[in-house]
Amino acid sequence: MQGLKLDFKGLNTFVNEFELKNFENIVFNAHDMLNNKTGLGNDMLGWMDLPTSRDEKEIEKIKECAKKIQKQADVFIVVGIGGSYLGAKAVIDLFDSSFSNLESFSKRKHPQIIFAGNNMSAKYIKDLFKYIEDKDIAINVISKSGTTLEPALTFRMLKLFLEEKYGIAGAAERIYVTTDKEKGVLHDIAVKNDYPMFVVPDNVGGRYSVLTPVGLLPIAVANIDIEDLLDGAQFASYVYNEKNLTENDCYKYAAYRNILYNKGKRIELLASYEPSFRYFIEWYKQLFGESEGKDHKGIFPAGVNFTTDLHSMGQLIQEGKRNIFETVINIELDRTFLQLPEVKNSMDGLDYLAGKDIDFINKQAFNGTLKAHIDGGVPNVVINIKDLTEYNVGQLIYFFEKACAMSGYILGVNPFNQPGVESYKKNMMELLKK
């Protein structure tokens, strides 16, 4: 069942139907390049088949390891950077309590999940070790090569910590590795120490890897149904592969992005009215930033959390330079059913809202802001999610992955490489005298 529906009415005054029609052949060409594997980066299209060609034995192994981690650890540390943590963090935040890591285990029913290896801050690392010194720990280190500095540095320190705390054999029971199938520094460490190991597929890049063991193991540890997630993505893989620009919302979105780009709209804001989408927005930023930002081209992906950011970015969005457009994620059915209470003799001026659902009030903020931004010259696309379930989030993940690949090909770049990332690494290694 389709859980996503896109509303393009917020583009009506900015793009006409003839402009979209003129993109039809370009879109169909991008569709053919993806499906026939004839485009740039065609050796990195494994993400397209992940939902439909899943390895059931691997899924069971992930679920078994997740149960083992839940029993052995108070704190589960996911060590990775970029796509090695953003996807998992995005999904976990959507389904966990906003205060999950502060709750008791009986309420949470899974270990605290902490993400590390995504920075080289001495303060962050010191704070981490101070926090875990009296707790039972398990870690999942994620890196295809094992040489990326941030996770490698953190893993070395955590490995020593675990070996001192549990002994070498005991540590080996608590270190889970997700890496290349056959080669690399981390692969060799895992084989030598007999660590439980999961594979990052050769044909799936990091930013497309959330539906591989890279994302699925941490997500499973958080008691989130990974099979429902994959089922939703599988449904989306069929729906969003139709070679029809009128009916395929994914292709339409990719085309509209590029039409707006050609009209000078060089920044896309992904917005949500739910704070739990914060890291989904971060995942989107990496997905589109690394995929499209090359050859001196690319829409700059940014994000805002409303209504919070209306009190900081709202003025710029409303009246700043007209080089932005918005894509808003809207959850149609809220399941909290929380109402503003009625209070006798209140002095806060909120009696007119008493008895109304908080989500209803939030939705009116969404509707009012949407109208204001469109009237102010900001094109808007709304992605309506029926409700927040694993199945629908799986659809949303695949929607963005497919739209990103299509948009990159429409733009004329390779959506699956990231040559510019190596420049800073080269300079950093020279300064460190490697």
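See the structure above.
Fair warning: this is a prediction, and the values are worked out from it, not measured in the lab.

Student: Explain the pairing of strand E9 (residues 324-333) here, please?
Tutor: Counting buried positions along E9 yields eight of ten residues, so the element is predominantly enclosed. Of the crossover connections in this fold, the one passing from E9 over helix H14 (residues 358-375) to the parallel strand E10 (residues 380-387) is right-handed.

Student: Hey, could you run me through the packing of helix H9 (residues 213-221) against helix H10 (residues 226-239) in this one?
Tutor: Where H9 meets H10, the closest approach of the two axes is 10 Å, and the angle between their N-to-C directions is 135°. Taken together, the axes of H9 and H10 lie oblique to each other. In this structure, H9 uses Leu-216, Ile-219 and Ala-220 to contact H10, whose residues at the interface are Ile-226, Leu-229 and Leu-230. Looking at the contact of H9 with H10 residue by residue, the classes come out as six nonpolar, no polar and no charged.

Student: So what exactly am I meant to see when it comes to the packing of H10 against helix H15 (residues 390-411) here?
Tutor: In helix packing, the relevant descriptors are the interaxial angle and the interaxial distance, both defined with respect to the helix axes. Running from amino to carboxyl end, H10 crosses H15 at an angle of 45°, the nearest separation of the two axes being 6 Å. Judged on the interaxial angle alone, H15 and H10 are oblique. Crossing angle aside, the handedness with which H10 passes H15 is right-handed. Along the contact surface, H10 presents Asp-228, Leu-229, Asp-231, Gly-232, Ala-233, Phe-235, Ala-236 and Ser-237, while H15 presents Glu-390, Tyr-391, Val-393, Gly-394, Gln-395, Ile-397 and Tyr-398.

Student: Looking at this structure, I do not really get the sheet that holds strand E8 (residues 300-305). What am I missing?
Tutor: Working definition: the strands of a sheet are paired by backbone hydrogen bonds and lie parallel or antiparallel to each other. The sheet built from five strands is open, its strands ordered E1-E10-E9-E7-E8 with mixed pairing. Sheet topology places strand E1 (4-7) and E8 at the edges, where each strand pairs with a single neighbour. Each adjacent strand pair in this sheet contributes to an overall mean axis angle of 20°, direction not counted. Pairing analysis gives seven bridges linking E9 to E10, with the strands arranged parallel. Looking across to E10, one finds that Ile-331 is bridged to Ile-385.

Student: What should I look at first to understand the sheet that holds strand E6 (residues 197-199) in this one?
Tutor: Ordered in space as E3-E2-E4-E5-E6, the five strands form an open sheet in which the pairing is parallel. Two strands close off the open sheet at either side, each with one partner strand: strand E3 (112-116) and E6. The average angle at which neighbouring strand axes cross in this sheet is 20°, direction not considered. Where strand E2 (residues 75-79) meets E3, five bridges bridge the pair, whose relative direction is parallel. Counterpart to Phe-76 in the pairing with E3 is Ile-113. Docked against the sheet, helix H6 (residues 122-132) engages E2, E3 and strand E4 (137-142), running at close to 155° with respect to E3.

Student: I keep staring at the pattern of salt bridges and nothing clicks. Help me out?
Tutor: For side chains of opposite charge, pairing can occur when their charged atoms come near one another. Under the definition given, this model contains 21 salt bridges. As a salt-bridge pair, Lys-183 and Asp-180 come within 3.6 Å of each other at their nearest N and O atoms. Its relative accessible area of 53% is what places Lys-183 among the exposed residues. Here Glu-268 ties to Arg-257 by a salt bridge, and the two come within 2.9 Å at their closest N and O atoms. You can see Glu-268 sitting in strand E7 (residues 267-272) and its partner Arg-257 sitting in helix H11 (residues 249-262), a full eleven residues away along the chain. Linked by salt bridges that have partners in common, Glu-60, Lys-63 and Glu-227 make up one network.

So, how was this worked out
- Residues numbered from 1 in each chain as written.
- Predicted model: local features only at pLDDT ≥ 70, side-chain atom pairs only at ≥ 80, totals over all residues.
- Heavy atoms only, no water.
- Buried < 20%, exposed > 50% of the residue type's maximum accessible area, 1.4 Å probe, protein only.
- Helix = DSSP H or I, 4+ residues; strand = E, 2+ residues; numbered from the N terminus.
- Right-handed = clockwise from strand over helix to strand, strands pointing away.
- Axes fitted to C-alpha atoms, helices over the stretch in contact; angles between N-to-C directions.
- Parallel < 35°, antiparallel > 145°, perpendicular 65-115°, else oblique.
- Contact = heavy atoms within 4.5 Å.
- Nonpolar A, V, L, I, M, F, W, Y, C, P; charged D, E, K, R; others polar.
- Left-handed = near helix turned anticlockwise from the far one by under 90°.
- Pairing = 2+ DSSP bridges.
- Salt bridge = Lys/Arg side-chain N within 4 Å of Asp/Glu carboxyl O.

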